[in-house]
Amino acid sequence: MQKEIDNIIPIMNCIIHPDDILKPWAKSRNNYEWYYTFGHTFQPISILEIGVSRGYSSIAMGLGCTIPPLHFFLIDSQLDGIPITTAIQNINQIFPNAIVETLIADSQIIESLPSHFIADVSHVDGCHTFGGVQKELALVYPCTRYYIIVDDTHGDYIANGVREFVSTHDNIQIIHEITESLTGQMILEKSQPKKRKKL
């Protein structure tokens, strides 16, 4: 997979918070550019995200889509002090026709997500531990149609957590490991059930 855009920040500049402008993940030109690439590659109509903050990753992914996403599902604990309403406002500014649904919850405590939280692509970026990423994968697994993107996989403990989760599920596999990005991502693909032949 090749990066599709060199610098996405001019496109997103209207929503980047002043506190974030100088952060490595905002100015590196090697982070949200990859999320734009994921959107361009997978073209999701719906996006689910755990660990939302101000919504930049989902927005960058949506900007890569030919048809803007119609539905965003956001799950966040707000423990970083950033209210989830900030992400809602940012998404509404860029994608005014999209529906945004939220769940304020700790991903390590809840047992499942609402049954209608079903997305083409899910983004896991909440608890950055071996067990934490597995818990979040278990949450998004039944809610994801096609692809799961796991962030911060430069850390072996997260990457190993992803590999262990995949090893215990028959219909999901790692199809990309993005090692050249700022934080590293793993892309998981769910295999679709085969249609029964008509007799």
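Our subject in this report is the structure included herewith. (Residues numbered from 1 in each chain as written. Predicted model: local features only at pLDDT ≥ 70, side-chain atom pairs only at ≥ 80, totals over all residues. Heavy atoms only, no water.)

### Describing the pairing of strand β3 (residues 99-104)
- The pairing of strand β2 (residues 71-76) with β3 spans six bridges and is parallel. Along β3, the bridge assignment pairs His-71 with Ile-99.
- Chirality of the crossover, the property in question, places the unit of β2, helix α5 (residues 84-94) and β3 among those that are right-handed. (Pairing = 2+ DSSP bridges. Helix = DSSP H or I, 4+ residues; strand = E, 2+ residues; numbered from the N terminus. Right-handed = clockwise from strand over helix to strand, strands pointing away.)

### Concerning the packing of helix α3 (residues 32-42) against helix α4 (residues 56-63)
- Running from amino to carboxyl end, α3 crosses α4 at an angle of 45°, the nearest separation of the two axes being 6 Å. One way to sum up the angle between α3 and α4 is to call them oblique. The crossing of α3 and α4 is right-handed. Facing α3, whose interface residues are Tyr-32, Tyr-35, Tyr-36, Phe-38 and Gly-39, α4 presents Tyr-56, Ser-57, Ala-60, Met-61 and Leu-63.
- Residues belonging to the contact of α3 with α4 are distributed by class as follows: eight nonpolar, two polar and no charged. (Axes fitted to C-alpha atoms, helices over the stretch in contact; angles between N-to-C directions. Parallel < 35°, antiparallel > 145°, perpendicular 65-115°, else oblique. Left-handed = near helix turned anticlockwise from the far one by under 90°. Contact = heavy atoms within 4.5 Å. Nonpolar A, V, L, I, M, F, W, Y, C, P; charged D, E, K, R; others polar.)

### Concerning the packing of aromatic side chains
- Evaluation of the coordinates by the stated rule reveals nine aromatic pairs.
- On the basis of an interplanar angle of 80° and a centroid distance of 6.5 Å, the ring pair of Trp-25 and Tyr-32 is categorised as edge-to-face.
- When the ring of Phe-73 is compared with that of Phe-117, the centres are 4.7 Å apart and the planes differ by 40°; the resulting orientation is tilted. Within this pair, whereas Phe-73 is found in strand β2, its partner Phe-117 is found in the loop between β3 and β4 (119-124), the two being separated by 44 residues in sequence. Like Phe-117, Phe-73 is buried.
- Counting every residue linked through ring pairs, the aromatic cluster contains Trp-25, Tyr-32 and Tyr-56.
- Note that Lys-190 overlies the ring of Tyr-141, its terminal NZ or CZ placed 4.5 Å from the centroid. (Phe/Tyr/Trp six-rings, centres within 6.5 Å; stacked < 30°, edge-to-face > 60°. Buried < 20%, exposed > 50% of the residue type's maximum accessible area, 1.4 Å probe, protein only. Lys NZ or Arg CZ within 6 Å of the ring centre and 35° of its normal.)

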